[in-house]
Amino acid sequence: MSNHSMQRLVTRYLDHRHHLGYELVSTGVMLRNFARFADRTAPGQPLTIELGLRWAQSSDNLSARYRTARLTALRGLGRYGSLFDPRIEVIPKSQFGGGRRRPNPHIYSPAQVRALMRDAKLLEPSWSPLRAATMRTIIGLLWCTGLRIGEAVRLRDQDFDPRAATLRIAPCKRSPQRLIPIHPSVVGALQRYQRQRLRLYRRSEHLFVSHSGKGGLSLRTTIEFYFQWLASPLKPKGEMKSVRLHDFRHTFATNLIARWSRQRAPLPHHLVLLARYLGHHKFSDTYWYVQPDRAALQHAATTFHDYRHRRNDQ
């Protein structure tokens, strides 16, 4: 293997996963960091368990959960690379330890969401009149639909059907393409934003764009940067150091499940629909949303737990 060979392997692996519909934003950052480490400390050498562990533990400031995330990323890289190079070793799961528990998310209150949308007006400089509207509309859309931020920034004009009140969501992660209904208030907000965007960026095919007129990953980076500034006054109620855009998805699902758990209608049917609406590949992914507030959602958790196991036994 020649110099910078690990960086080439990582690039090929990420390209392969991107073509399959995976975004791998944080995983990509970690793997590129590993590639630089490997090419610097073990130039020309293949990925081995020893090299992976050395990188995962290269800093004393890393939490056990983050070290596990590093090893998980390397496991995927190793499984891909071993198909082409028999010297490459796959990190065994036994090396992960106990750091794989998912942290509890932040659940937004309606007042917090309204404050974020109101404060988005502060992001309206004269040279970028659309920035505030983009942030305000994206925040409202994530709050009302539970979309992933990656799904929202990839929306195109043809994905939005105001007459049918639907959004077509492109495949993402392991989620297939799906068509989701949206509330009339969401339809109105999207139409207002779309008219404003068309006046400034008529040639763009993306529903949401940055000040450069681009959507997709470029817009996602911009939104995440300004959202951290907007949300900095909020104190996270979960286990993360700060609130995240992805917490809107948790909030959406948790609020629905809490509401359903207080109704007499059969809960499992609602949860199946929620899993499909969110684009979950496995029921266990939806079951996770039952857990942030155990006291309020105990009935939902118990009901869905029994239902999930009945399906697995069939």
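None of these values were measured; they are calculated from a predicted model. (Residues numbered from 1 in each chain as written. Predicted model: local features only at pLDDT ≥ 70, side-chain atom pairs only at ≥ 80, totals over all residues. Heavy atoms only, no water.)

**Q** Mind showing me how you'd approach the overall build of the protein chain here?
**A** For the protein chain, the helix and strand inventory stands at 13 helices and three strands. Sorting the 314 residues of the protein chain into buried and exposed places 48% on the buried side. Taking all contacts inside the protein chain whose residues are at least 6 apart in sequence as the whole, residues at least 24 apart take part in 61%. When the accessible area of the protein chain is evaluated, it comes to approximately 17,100 Å², of which 51% is carbon and sulfur surface. (Helix = DSSP H or I, 4+ residues; strand = E, 2+ residues; numbered from the N terminus. Buried < 20%, exposed > 50% of the residue type's maximum accessible area, 1.4 Å probe, protein only. Contact = heavy atoms within 4.5 Å. Areas by Shrake-Rupley, 256 points an atom, 1.4 Å probe, with all protein chains shown as cover.)

**Q** What am I meant to see in the packing of aromatic side chains here?
**A** Working definition: an aromatic ring pair is given by the centre-to-centre distance plus the angle between the planes. For the structure shown, the criterion picks out eight aromatic pairs. Seen from their ring centres, F34 and W55 are 5.2 Å apart, and the 65 degrees between their planes marks the pair as edge-to-face. With F34 in helix α2 (residues 25-41) and W55 in helix α3 (residues 49-56), this pair connects stretches of sequence that are 21 residues apart. You'll find F34 and W55 in the same group, each marked buried. Measuring from ring centre to ring centre gives 4.2 Å for Y108 and F248, while their planes differ by 15 degrees; the resulting arrangement is stacked. Here the residue Y108 occupies a position in the loop between α4 (64-81) and α5 (110-119), and F248 occupies one in helix α10 (residues 247-261), the gap between them amounting to 140 residues. For Y108, a relative accessible area of 2% gives the class buried. Judged by its relative accessible area of 0%, F248 falls in the buried class. Through successive ring pairs, a cluster of aromatic residues spans Y13, Y80 and F84. Lying across the ring of W55, R70 places its NZ or CZ 4.2 Å from the centre. (Phe/Tyr/Trp six-rings, centres within 6.5 Å; stacked < 30°, edge-to-face > 60°. Lys NZ or Arg CZ within 6 Å of the ring centre and 35° of its normal.)

**Q** Got a minute to help me understand the nonpolar core in this structure?
**A** The nonpolar side chains of a soluble globular protein tend to be buried with one another. Within the largest apolar cluster, 49 residues are counted, with the highest numbers of intra-cluster contacts made by L167 and F227. When sequence neighbours within four positions are dropped, the list of residues in contact with L167 reads L141, L147, L155, D159, F160, R178, L179, I180, I182 and L190. By size, the runner-up hydrophobic cluster in this structure holds 25 residues, among which are L53, A73, L77 and I91. (Core = buried A, V, L, I, M, F, W, Y, C linked by side-chain atoms within 4.5 Å.)

**Q** So what exactly am I meant to see when it comes to the environment of R118 here?
**A** With respect to the helices and strands, R118 occurs in helix α5. On the basis of relative accessibility, which here comes to 51%, the residue R118 falls in the exposed class. In the structure, R118 is positioned 14 residues away from A132 in sequence and 9.5 Å away in space, judged by C-alpha atoms.

**Q** Sorry if this is basic, but what is going on with the environment of G44 here?
**A** Within the fold, G44 resides in the loop between α2 and α3. Residue classification places G44 among the buried residues on the basis of a relative accessible area of 12%. As for G44 and S5, which are separated by 39 residues in sequence, their C-alpha atoms are 6.5 Å apart.

**Q** Quick question: what am I supposed to make of the side chain of R178 here?
**A** If you trace the backbone, R178 turns up in strand β3 (residues 178-181). A distance of 2.7 Å separates the side chain of R178 from the backbone oxygen of Y277, its partner in a polar contact. Excluding its chain neighbours within four sequence positions, the residues that come into contact with R178 are L147, R148, E151, L167, R168, I169, R249, R276, Y277, L278 and G279. (Polar contact = N/O pair within 3.5 Å; in protein donor to acceptor, adjacent residues only side chain to side chain.)

**Q** Could you clarify how one ought to interpret the sheet that holds β3 in this entry?
**A** Strand pairing within a sheet occurs via backbone hydrogen bonds; the two strands may be parallel or antiparallel. Read from one edge of the open sheet, three strands run β1-β2-β3, paired in antiparallel fashion. Across the chains shown, the open sheet's two edge strands, defined by having one partner strand only, are β1 (160-161) and β3. Note: strand β2 (residues 166-169) against β3, four bridges, orientation antiparallel. In the strand pairing of β3, L167 is matched with I180. (Pairing = 2+ DSSP bridges.)

**Q** What exactly am I supposed to notice about the pattern of salt bridges here?
**A** Between side chains of opposite charge, pairing is possible as soon as their charged atoms come close. As enumerated under the stated definition, the model contains ten salt bridges in all. R54 is the partner of E50 in a salt bridge, and the nearest nitrogen-oxygen pair spans 2.9 Å. Note that E50 and R54 are positioned in helix α3 at a spacing of four residues, about one turn of the helix. Classification of R54 by relative accessible area gives partly exposed; the value is 34%. A salt bridge links D85 to R87; the nearest nitrogen and oxygen atoms lie 3.2 Å apart. (Salt bridge = Lys/Arg side-chain N within 4 Å of Asp/Glu carboxyl O.)

Keep in mind these numbers describe shape, not what the thing actually does.
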